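Each chain, written out:
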Amino acid sequence: MTELEQAQAAYDSAVAERAAADKIVNDAAKKVIAAKRRLEEAKREAAAKVPVDRNARQLSGGGPVTADHREIDPASGQQKGYIVLRPDERAKGFVRPFRDAYRHLKCGKITTMSRDIAETYARDPEFYTGTFCTTCRGHFPVGADGEFTWYEMDGAEGPKVGT
Ligand SMILES: [Zn+2]
């Protein structure tokens, strides 16, 4: 073989070795994704067996629930405060994936929420009966017949908020 032929053969061999290694990495990455999905589902099933204590509540951002928290701030249309489950209750496990944004089906716009409200939904999907739309500046129903769907972390349209 000439030097050119040998060099070509060595290059082809290295490329083939790299392609085989890439396939191993890609196959392993798919296994990790599948295993993670299974683990998260198992965690949600385990969390669902721990009853939610809805009395373990506080205001979003911290502090005890105040008598006037439902008063509407005329500037924003939002309540003075929103109730969430306490951190120790949320730490017992999520029964739904963590999601912090939803779409209002009436206007099509996305609203994002604070972490403690999002975690309350994940721990106890039916905790709230309604939620806020920042575009419509008002509160509307959630649940199976509600007006909101989850906006998934990858941008996909998720199930109804409150289910
Ligand atoms: Zn809206």
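Residues numbered from 1 in each chain as written. Predicted model: local features only at pLDDT ≥ 70, side-chain atom pairs only at ≥ 80, totals over all residues. Heavy atoms only, no water.

Another aspect to go through is the pattern of salt bridges. Overall, the coordinates contain 15 salt bridges when judged by the stated rule. Across the pair Lys 92 and Glu 89 runs a salt bridge whose closest N-O atoms are separated by 2.8 Å. For Arg 90, the salt bridge identified is with Glu 119, shortest N-O distance 2.9 Å. Within this pair, whereas Arg 90 is found in helix H2 (residues 87–90), its partner Glu 119 is found in helix H3 (residues 115–123), the two being separated by 29 residues in sequence. Considered together, Arg 90 and Glu 119 belong to a single accessibility category, that of buried residues. Among the ionic contacts, a cluster of salt bridges with common partners joins Asp 68, Glu 71 and Lys 80. (Salt bridge = Lys/Arg side-chain N within 4 Å of Asp/Glu carboxyl O. Helix = DSSP H or I, 4+ residues; strand = E, 2+ residues; numbered from the N terminus. Buried < 20%, exposed > 50% of the residue type's maximum accessible area, 1.4 Å probe, protein only.)

Let us now look at the domain arrangement of the chain. Segmentation of the chain into domains returns domain 1 (1–49) and domain 2 (57–160). Just the C-alpha atoms count here: the centres of domain 1 and domain 2 sit 39 Å apart. Residue-level contacts link four residues of domain 1 with seven residues of domain 2. For the pair domain 1 and domain 2, the summed buried area comes to about 320 Å², and 64% of that belongs to carbon and sulfur atoms. Contact with domain 2 buries area across many residues of domain 1, yet Arg 44, Ala 47 and Ala 48 alone supply 99% of it, more than any other trio. At the junction of domain 1 and domain 2, the tally comes to zero salt bridges. Here domain 1 is connected to domain 2 by one residue pair in polar contact (both at pLDDT 80 or more). (Domains from an automatic or database assignment. Contact = heavy atoms within 4.5 Å. Buried area = accessible area lost by both parts, 1.4 Å probe. Polar contact = N/O pair within 3.5 Å; in protein donor to acceptor, adjacent residues only side chain to side chain.)

This brings us to the coordination of the zinc ion. Within the first shell, the zinc ion binds the protein through His 104 (ND1), Cys 107 (SG), Cys 133 (SG) and Cys 136 (SG), at distances of 2.0 to 2.3 Å. Sequence positions of the donors to the zinc ion reduce to the motif H-x2-C-x25-C-x2-C. Take His 104: its relative accessible area is 1%, and that puts it in the buried class. With a relative accessible area of 27%, Cys 107 lands in the partly exposed category. (Donors = N, O, S within 2.8 Å, 3.2 Å for Na, K, Ca; no water.)

This paragraph deals with the pairing of strand E7 (residues 148–151). Of the strand pairs in this sheet, strand E3 (residues 101–104) and E7 are connected by three bridges, and their pairing is antiparallel. In the strand pairing of E7, His 104 is matched with Phe 148. Across two bridges, E7 lies against strand E8 (residues 157–160) in antiparallel orientation. Bridging from a neighbouring strand, Thr 149 pairs with Lys 160 of E8. Hairpin connection of E7 to E8: five residues between the antiparallel strands, including Gly 155 at a positive phi of 90°. (Pairing = 2+ DSSP bridges.)

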